[in-house]
Amino acid sequence: MSLRHSEILFLLAAHPEGLYGGEIASLLHEHGTPSVTVRVEMSRIRKALGEVVDSSPYRWSVPVGTDVDQVRHFLAAGEYRRALRAYRGPVLPRSAAPAVVEAREDLAHELRHVLFRNAAPEVLLEWAQRPDGRRDPFVLQAALGAVAVGSPRAEQVRAWLDQASG
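Residues numbered from 1 in each chain as written. Predicted model: local features only at pLDDT ≥ 70, side-chain atom pairs only at ≥ 80, totals over all residues. Heavy atoms only, no water.

Here we take up the packing of helix H6 (residues 98–118) against helix H7 (residues 121–128). Each packed pair of helices is defined by two parameters, the angle between the axes and the distance between the axes. Contact geometry of H6 with H7 gives a least axis separation of 9 Å together with a crossing angle of 145°. Contacts from Leu-111, Arg-112, Leu-115 and Phe-116 in H6 reach Val-123, Leu-124 and Trp-127 in H7. Of the residues belonging to the contact of H6 with H7, the class tally is 6 nonpolar, no polar and 1 charged. (Axes fitted to C-alpha atoms, helices over the stretch in contact; angles between N-to-C directions. Helix = DSSP H or I, 4+ residues; strand = E, 2+ residues; numbered from the N terminus. Contact = heavy atoms within 4.5 Å. Nonpolar A, V, L, I, M, F, W, Y, C, P; charged D, E, K, R; others polar.)

This brings us to the side chain of Glu-7. The residue Glu-7 is located in helix H1 (residues 3–14) in this model. Using a relative accessible area of 3% as the deciding quantity, one classes Glu-7 as buried. Within the structure, Glu-7 has its side chain in polar contact with the side chain of Ser-95 (distance 2.5 Å). In this view, Glu-7 contacts Leu-28, Leu-92, Ser-95, Ala-96, Ala-97 and Val-100; residues no more than four positions away in its chain are not counted. (Buried < 20%, exposed > 50% of the residue type's maximum accessible area, 1.4 Å probe, protein only. Polar contact = N/O pair within 3.5 Å; in protein donor to acceptor, adjacent residues only side chain to side chain.)

What follows is about helix H4 (residues 67–76). Listing the buried residues of H4 in full gives Val-68, Val-71, Phe-74 and Leu-75. Summarising the axial view, the buried residues of H4 lie within an arc of 130°, below the 170-degree limit, and thus occupy one face. In this structure, the buried residues of H4 make contact with H1, helix H5 (80–86) and H6. Where H4 terminates, the next one or two residues include Gly-78, which has phi positive at roughly 75°. (Arc of directions from axis to C-beta.)

The subject of this paragraph is the environment of Ala-108. Looking at where Ala-108 falls in the secondary structure, it is placed in helix H6. Here Ala-108 falls in the partly exposed class, since its relative accessible area comes to 31%. For the pair Ala-108 and Ile-8, spaced 100 residues apart in sequence, the C-alpha separation works out to 20 Å.

Bringing the nonpolar core into the picture now. Among the nonpolar cores identified, the biggest contains 49 residues, and Leu-12, Ile-24, Met-42, Val-71, Leu-75 and Leu-115 are the most heavily contacted of them. In terms of residues, this core owes the most to one element, H6, which gives 7 residues. When neighbours within four sequence positions are excluded, Ile-24 is seen to be in contact with Ile-8, Leu-12, Leu-19, Val-38, Met-42 and Tyr-58. (Core = buried A, V, L, I, M, F, W, Y, C linked by side-chain atoms within 4.5 Å.)

Once that is clear, we can look at unusual backbone geometry. The amide bond that connects Ser-56 to the next residue, Pro-57, takes the cis arrangement and shows omega of -5°. Along the chain, Pro-57 falls in the loop between strand S1 (53–54) and strand S2 (59–60). Relative to the helices and strands, Ser-56 is located in the loop between S1 and S2.

Encoded structure:
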């Protein structure tokens, strides 16, 4: 599957009611993509996956969940450590499709907001140890409060914070 196919399948999962070709085109590109291009890509997807994707409108014919759904489920249930573990990193990080970029930013914002307000300090420290957490000064500052002053771990988090801030 190409990145474009992954983007389309993600969008269909985010819109279980289905999307028409023109809607998919506008979600994929700021200035739209010709509907014929979407039809060609959908044909390739259907050949690869079989009858699990319907047309008119395009939609999954079977229940589908995404990592995004799983992270949000755990956040809503107050299972912050599980939410963090389900968060595998930014949603389709190479995608520049406007709807995917928006979903990526929304999930990152929601995760940050909920964890900062509710998660135990150890969860923030776990987040700070991940590659995406090490680049986020807010995560690192919160994690710094979770470790004993002067401990080797505190020094490591402080070094990450210096790198992220500088």
